[in-house]
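Examination of the molecular architecture
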Amino acid sequence: MNCVHCSSKAVVSSPPYCKEHFILYIEEKVQRTIERFRLIDAGDKIAVAVSGGKDSQTVLYILHKLYGNVHGIAIDEGIPGYRDRTLKDLETFCTTHSIPFGIHSFQNRFGKMLGSFPVHGGICTTCGVLRRYLLNERAAGYDKIATGHNLDDECQSVMMNLLKGNLFLLAKLGPKSGIVLRNGFTQRIKPLYLCTEKEITTYAFLKGFPVDFIECPNAADGFRSSVRDGLNNIEMQHAGTKCNIIETFLNILPSLKELHEGTRQIYCTHCGKPSMSELCKACMIVEDAYV
Ligand code: SF4
């Protein structure tokens, strides 16, 4: 089968694209996503949250290509046999493409690695809260933090919050996260929002990015993995389901944000960062103050 745009052999089907046109298709799709959701303004200083996996290497590469002045910020939670390997890939990637990056560890910031914290609500919750906190801290001075979340990731988050009945967290999702801009928070943006996991995997592979394709050993334990498997099964039988979920979600998102705009938000009495309670979740974890 040949590419729909030229006489070269197609490397992907539906629609058939050769390597060159598939790469172009993904890069244009990301640019259109940025324009459609107004993710980046002229002159924005952009930090990219990077883990060393396929999604973060892809978003870092495309934003660097489109905007030039981007900086990678990696968080090392201290997950042996996993994070050390992805960070090695990241180092190879950034050196190859001359992209500046920095690594910031839980050990240096919080005094211990992920596995040494008491677990409340699952290890992924602890990991996510502390990672977001440290990332936000290190991105001070930047206008936006771009993340590598793709359409599959967002679909899982939408379904997880629906299944948990958490409309407030649901309202915080979307291509630009958060409900209202707050002092002390750098806005997160998701340029890969409309790209599927399969598309990003193919793009990273065709670009020859140094990606190990390993999974965190804790990933299988999470609620997310059950939701991911369920969605993948439905998508296999009813192609287009994930896209439909996201487009429907985007239709109701403005109303959801409006509904929660007035939700009382305060600042943590311990660290001064935006919070929903007197102590923010990160301080509760670090101080072991969960009740
Ligand atoms: Fe952290 Fe869980 Fe992701 Fe592993 S799977 S990196 S523990 S959030």
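About the thresholds
- Residue indices follow the written sequence of each chain, beginning from 1 at its first position.
- At least 70 in pLDDT is required for a residue's local features to be given in this predicted model, at least 80 for side-chain atom pairs to be given and counted, and no such filter applies to totals for whole chains, interfaces and linings, which use all residues.
- In computing side-chain values, all of the structure's heavy atoms are included and hydrogens and water are not.
- Here a helix means four or more residues in a row that DSSP labels H or I, a strand means two or more in a row labelled E, and each is numbered from the N terminus.
- Counted as a polar contact is a pair of N or O atoms within 3.5 Å, where, for protein atoms, one must be capable of donating a hydrogen and the other of accepting one, and residues adjacent in sequence contribute only when both atoms are in side chains.
- In this analysis, two residues are considered to be in contact whenever any of their non-hydrogen atoms come within 4.5 Å of each other.
- At least two bridges found by DSSP between two strands is the condition for calling them paired.
- Note on geometry: axes are lines fitted to C-alpha atoms, helical ones only across the stretch in contact, with angles between N-to-C directions running from 0 to 180 degrees.
- The rule is short: rings of Phe, Tyr and Trp, with Trp giving its six-membered ring, pair when the centres are within 6.5 Å, and they are stacked under 30 degrees, edge-to-face over 60, tilted in between.
- Relative accessibility thresholds used throughout: buried, under 20% of the residue-type maximum; exposed, over 50%; partly exposed, between the two (1.4 Å probe, protein chains only).
- The arc under discussion is defined with respect to the helix axis, by the directions toward the C-beta atoms.

Residue placement: Lys-242 occurs in helix H10 (residues 241–260). Looking at Lys-242, its side chain comes within polar contact range of the side chain of Asp-152, at 2.6 Å. Residues in contact with Lys-242, not counting those within four places in the same chain, are Leu-151, Asp-152, Cys-155, Leu-231, Asn-232 and Glu-235.

Let us look at the sheet that holds strand E3 (residues 101–105). Two modes of strand pairing occur in sheets, parallel and antiparallel, and in both the strands are linked by backbone hydrogen bonds. Here 5 strands make up an open sheet; going across it, the order is E3-E2-E1-E4-E5 and the pairing parallel. For this open sheet the edge positions go to E3 and strand E5 (187–189), each flanked by a neighbour on one side alone. Geometrically, the sheet is characterised by an average inter-axis angle of 30 degrees between neighbouring strands, direction not taken into account. Strands in contact with helix H2 (residues 54–67) are strand E1 (46–50), strand E2 (70–76) and strand E4 (144–146); relative to E1, the strand with the most contacts, it is inclined by about 160 degrees. Along the sheet face, helix H5 (residues 123–138) touches E1, E2, E3, E4 and E5 and points at about 145 degrees away from the line of E2.

What follows deals with the packing of aromatic side chains. In this description, a pair of aromatic rings is defined by centroid distance and the angle of the planes. Tallied over the entire structure, the rule returns 9 aromatic pairs. When the ring of Tyr-17 is compared with that of Tyr-25, the centres are 5.2 Å apart and the planes differ by 35 degrees; the resulting orientation is tilted. Ring centres of Phe-37 and Tyr-193 lie 5.8 Å apart, and the angle between their planes is 70 degrees; this geometry places the pair in the edge-to-face category. Here the residue Phe-37 occupies a position in the loop between helix H1 (19–36) and E1, and Tyr-193 occupies one in the loop between E5 and helix H8 (197–207), the gap between them amounting to 156 residues.

The next thing to look at is H8. Those residues of H8 that fall on the buried side of the exposure criterion are Glu-199, Ile-200, Tyr-203, Ala-204 and Leu-206. When H8 is viewed along its axis, its buried side chains cluster within an angular range of 165 degrees and face the same direction. Of the exposed residues in H8, those oriented more than 90 degrees away from the buried face are Lys-198 and Phe-205. Buried residues in H8 make contact with H1 and H2.

Another aspect to go through is unusual backbone geometry. Glycine aside, the phi torsion of most residues is negative, and most peptide linkages are trans. Following Ser-14, the chain continues to Pro-15 via a peptide bond in cis, the omega torsion being -10 degrees. Relative to the assigned elements, Pro-15 resides in the segment before H1. Phi angles above zero are rare outside glycine, and Arg-38 is one such case at about 45 degrees. Mapped onto the elements of the fold, Arg-38 is located in the loop between H1 and E1.

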